[in-house]
Amino acid sequence: MVVEPVGDARAVTKVEHRGQEIGLLLHERALLERPDLLRSILAAASLAIEIARLRVEVRLQLAEVEESRARVVRAGYEERRRLERDLHDGAQQRLVTLGIVLRRLQRSLPREARILAPALDSAVDEIGRAIEDLRTIAAGVRPPRLDEGLAAALADLARAAPVPVALEATRERLPVEVEAAPYLVVCEAVTNAVKHGSPSRVRVEAMVANGALRLVVADDGVGGATVAQGTGLVGLADRVEAQGGTLLIHSPPGVGTRIEAEIPCAS
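This report concerns the structure included in the present document.

The rules behind the values
Residues numbered from 1 in each chain as written. Predicted model: local features only at pLDDT ≥ 70, side-chain atom pairs only at ≥ 80, totals over all residues. Heavy atoms only, no water. Helix = DSSP H or I, 4+ residues; strand = E, 2+ residues; numbered from the N terminus. Buried < 20%, exposed > 50% of the residue type's maximum accessible area, 1.4 Å probe, protein only. Contact = heavy atoms within 4.5 Å. Areas by Shrake-Rupley, 256 points an atom, 1.4 Å probe, with all protein chains shown as cover. Pairing = 2+ DSSP bridges. Core = buried A, V, L, I, M, F, W, Y, C linked by side-chain atoms within 4.5 Å. Salt bridge = Lys/Arg side-chain N within 4 Å of Asp/Glu carboxyl O.

Time to look at the overall build of the chain. A count of helices and strands for the chain gives 5 helices and 8 strands. Along the chain, helices (α) and strands (β) appear in the sequence β-β-β-α-α-α-β-α-β-β-α-β-β when read from the amino end. The proportion of buried residues among the 267 residues of the chain is 34%. A sequence separation of at least 24 residues applies to 57% of the contacts in the chain between residues at least 6 apart. Of the roughly 16200 Å² of accessible surface on the chain, a fraction of 56% belongs to carbon and sulfur atoms.

The backbone phi angle of Ser 198 is positive, close to 50°, even though this residue is not glycine. Note on placement: Ser 198 falls in the loop between helix H4 (176-197) and strand E5 (202-209).

Bridge count for strand E4 (residues 165-169) against E5 is 5 bridges, and the pairing is parallel. By the bridge assignment for E5, Glu 168 is matched with Glu 205. As judged from the 8 bridges shared by E5 and strand E6 (residues 212-219), these two strands associate in the antiparallel manner. Along E6, the bridge assignment pairs Val 204 with Val 217. Between E5 and E6, which pair antiparallel and follow one another directly, the connecting turn spans 2 residues, one of which, Asn 210, has a positive phi of 55°.

For E6, the tally of buried residues reaches 7 of 8 residues, placing the bulk of the element in the interior. Pairing of E6 with strand E8 (residues 258-264) involves 7 bridges; the strand directions are antiparallel. The residue of E8 that forms the bridge with Val 216 is Glu 260.

Our focus in this paragraph is the nonpolar core. In this structure, Leu 150, Tyr 183, Val 186, Val 190, Val 202, Val 217 and Leu 247 are the most contacted members of the largest nonpolar core, which totals 32 residues. At the level of secondary structure, the elements contributing two or more residues to this core comprise helix H3 (150-160), H4, E5, E6, helix H5 (234-241) and E8. With 9 residues, H4 is the largest single contributor of residues to this core. Not counting residues within four places of it along the chain, the set of residues in contact with Val 202 comprises Val 163, Pro 164, Val 165, Ala 166, Val 190, Val 217, Ala 218 and Asp 219. Counting residues in hydrophobic clusters, the runner-up holds 7 residues, among them Leu 109, Ala 113, Leu 120 and Ile 127.

Time to look at the environment of Gly 23. Relative to the assigned elements, Gly 23 resides in strand E3 (residues 20-28). With a relative accessible area of 17%, Gly 23 lands in the buried category. Sequence separation of Gly 23 and Ala 45 is 22 residues, and the distance between their C-alpha atoms is 8.6 Å. Excluding residues that lie within four positions of it along the chain, Gly 23 makes contacts with Thr 13, Lys 14, Val 15 and Ile 49.

Under the defined criterion, the tally for this structure stands at 13 salt bridges. When the shortest N-O distance is used, the salt bridge between Arg 53 and Glu 57 registers 2.9 Å. Of this pair, Arg 53 and Glu 57 both sit in helix H1 (residues 35-107), separated by 4 residues, roughly a single helical turn. Using a relative accessible area of 41% as the deciding quantity, one classes Arg 53 as partly exposed. Taken together, the shared-partner salt bridges in this structure form one network comprising Glu 50, Arg 53 and Glu 57.

What follows is the structure, encoded as structure tokens:
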């Protein structure tokens, strides 16, 4: 405990933590006559300073984690786009070319070799199915309509759904890595509702307020959906939390299922 006089009435005592100076305590000189009390005050001051330091350190680490998570999300989005392009420009185009070659070969067969025509038809049909499979995979990775915005992609999803879907979606463009998350959440939620809830209709809302996208997917099905049942809801929270958001699932039996998500989207 090192004391330095400051004028006639006051003194400064160094505050130490684990042998290191972390602050200075300005106090009345009369406190020097109460060393036990001074030590208690110094201990309290040391604890308060250490707590403040740890809070700052935690905030800095949290900011680093959030930035790291954002980089991972952006990298994942770019990787999905790359995969989509590779599927379209690589394997899919090669299959299309192979189908054309087989058709030309079929037309050029001499009469005595026409017995091969059914086999060639079957091969070309199989190529066509493989192309459709690749297109489905590519669409599942990242729907092309997201290039036109979340509203356009959700409108396509609503039109393709096997039950009526009432849609209200913002036309505001969001960061590209943000738009994919709510689309995939809605896609999974609608699929899950149709598969397990037997609803007559589904309502989807995706609106921006106070720097966040607020997402609601509600159906009038049988309800009772839980993550533990393995009904396709397991990954929704992870997908939303990867964007720094939150997700709630409300699904009382006999009432339907309501999924609410909030995803930060401020630029």
